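Fold and geometry: a report
Take a look at the letters that make up each chain.
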Amino acid sequence: MSKANFHIFTYMFRPVNESPSDLFADEFKTVDVKDSINRKQEILANILDDFASQSSGENTQHFTYGNDDFYHKVYIQRGGIYVMRIANNKQTKMERNFDVTYEEDNPSCVVIIDNRNDRQIIAIESNKAFNNVGKVAAIIQTTWRLCLIKHRLTVDIGAKYHVAEFWNINKVYAESQGIDYVVFPFAYPNLPAVSDLMGNLMKEVAKNTNSEPTLKLKGQNNESVRLSENDLMIVNAIKACAASGRPILIKPRNMTVKKVGMKNPVIESLPKSLLEELGDKKKIERRYMNIVKFLNNIKLWYD
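Residues numbered from 1 in each chain as written. Predicted model: local features only at pLDDT ≥ 70, side-chain atom pairs only at ≥ 80, totals over all residues. Heavy atoms only, no water.

In this model, the chain carries a mean pLDDT of 90, and residues with pLDDT of at least 70 account for 93%. Looking at the elements of the chain, mean pLDDT is at its lowest for strand β6 (residues 90-96), recorded as 69, and at its highest for strand β9 (residues 121-125), recorded as 98. (pLDDT = per-residue confidence, 0-100. Helix = DSSP H or I, 4+ residues; strand = E, 2+ residues; numbered from the N terminus.)

Below, the structure is given as structure tokens:
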């Protein structure tokens, strides 16, 4: 059976405590930011519902990135799960009777959003519509940020990666020249399962200081940092970063910084036939149940 590959992303909310513009400062102050962060997924659901209701017709609300708008079509909007296609803007070169013309081409990829309570997952199909799935994630992130700012919220979308990537890189350099330092950049606490991995100290520091806490381990006396797979705190720190799509930084001696999380993304698959049936209303129930099963199998973190 032919399969379609999906890269798995996590989206993480953050409060916006300072007005991005003096023009909206007074209006900004009237929004209860604590209420917004408590209702973050409800607010996003309203935004997604709005996009779903406007996914056809002349007044379509577009996804946006840079100076470009990207059309979309929503096929499933149910129980916190949204399935849509986002189209790219391309031109195809055509030649007829030695005359060259360029025709508009809008290939699309499937995007599955799991906005059920404390899930916050996006699965993006990897195909020829876009050069890379990171571009699609950037389009979604940019659009959501524009919609969320009036609620004093913003969002970060990061690609999940395998924990093993960290240990593979660490082993290579720890056994050769040694490691100067390692940096674990944690997300602002808002997804409980990830926050639990960070530990209570990091959660409280983040909330009390309006920050995204970072753990930096630097070798003392110019010696190498030593990390063990038996150290639960380190293991959980790696899992927290990998689960939220935050690249960990490793600085080997006499070398440039290495980013963990760039080479081993999490990929899950669905039958291509399921994607080809998205517009078939007679098969909507089976299609929905298969997608729910697909989403339920996505893990918080991957070895």
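Another aspect to go through is helix α5 (residues 164-174). When α5 is considered as a whole, its buried residues turn out to be Glu165, Phe166, Trp167, Ile169, Asn170 and Tyr173. Where the residues of α5 are buried, they touch β11 (179-185), α8 (232-244), β13 (248-252) and β14 (258-260). (Buried < 20%, exposed > 50% of the residue type's maximum accessible area, 1.4 Å probe, protein only. Contact = heavy atoms within 4.5 Å.)

Let us now look at the environment of Leu44. Checked against the element boundaries, Leu44 lands in helix α3 (residues 40-53). Along the sequence, Leu44 and Met262 sit 218 residues apart, while their C-alpha atoms lie 28 Å from each other. Look past the residues within four positions of Leu44 in its chain and what remains in contact with it is Tyr11, Phe13, Asn115 and Trp144.

Turning our attention to the side chain of Arg246. In this fold, Arg246 is placed in the loop between α8 and β13. Residue Arg246 is classed as buried on the basis of its relative accessible area of 15%. Residues within four places of Arg246 in sequence aside, it is in contact with Asp156, Tyr161, Pro185, Phe186, Ala187, Glu212 and Cys241.

This model, assessed by the stated rule, comprises 13 salt bridges. When the shortest N-O distance is used, the salt bridge between Glu285 and Arg78 registers 3.0 Å. Within this pair, whereas Glu285 is found in helix α10 (residues 284-296), its partner Arg78 is found in strand β4 (residues 72-78), the two being separated by 207 residues in sequence. Classification of Glu285 by relative accessible area gives partly exposed; the value is 39%. Judged by its relative accessible area of 36%, Arg78 is partly exposed. (Salt bridge = Lys/Arg side-chain N within 4 Å of Asp/Glu carboxyl O.)

Turning to the sheet that holds β13, a few remarks are in order. The 4 strands lie next to each other as β12-β11-β13-β14, forming an open sheet whose pairing is antiparallel. Only two strands of the sheet have a single partner each, and these edge strands are β12 (214-218) and β14. With direction set aside, neighbouring strand axes in the sheet form an average angle of 15°. In this sheet, β12 lies alongside β11 in antiparallel orientation, the contact comprising 5 bridges. Bridge pairing in β12 links Val183 to Lys216. (Pairing = 2+ DSSP bridges. Axes fitted to C-alpha atoms, helices over the stretch in contact; angles between N-to-C directions.)

Moving on: the packing of aromatic side chains. Counting across every chain of the model gives 7 aromatic pairs. Ring geometry for Tyr11 and Trp144: centres 5.1 Å apart, planes at 80°, overall edge-to-face. Of this pair, Tyr11 sits in strand β1 (residues 3-15) while Trp144 sits in helix α4 (residues 133-148); the two residues are 133 residues apart in sequence, bridging distant segments of the chain. Trp144 shares its class with Tyr11; the two are buried. Their ring planes at 85° and their centres at 5.1 Å tell us that Phe166 and Trp167 sit as a pair that is edge-to-face. Look at Phe166 and you get buried, because its relative accessible area is 0%. (Phe/Tyr/Trp six-rings, centres within 6.5 Å; stacked < 30°, edge-to-face > 60°.)

Glancing now at the environment of Ile139. Inspection of the secondary structure puts Ile139 in helix α4. Along the chain, Ile139 and Ala52 lie 87 residues apart, while their C-alpha atoms are 17 Å from each other. Apart from the residues lying within four places of it in its own chain, the contact partners of Ile139 are Phe63, Thr64, Tyr65, Phe70 and Phe130.

One finds Ile122, Ile140 and Trp144 to be the most contacted residues of the largest nonpolar core, which totals 35 residues. Elements with a contribution of two residues or more to this core: β1, α3, β5 (81-87), β8 (108-114), β9, α4 and β10 (153-159). No other element matches the 8 residues that α4 contributes to this core. Leave out the neighbours within four places in its chain, and Ile140 touches Phe63, Ile86, Val111, Ile122, Ile124 and Ile157. Of all hydrophobic cores here, the second largest spans 31 residues; its members include Ile179, Phe184, Phe186 and Ala187. (Core = buried A, V, L, I, M, F, W, Y, C linked by side-chain atoms within 4.5 Å.)

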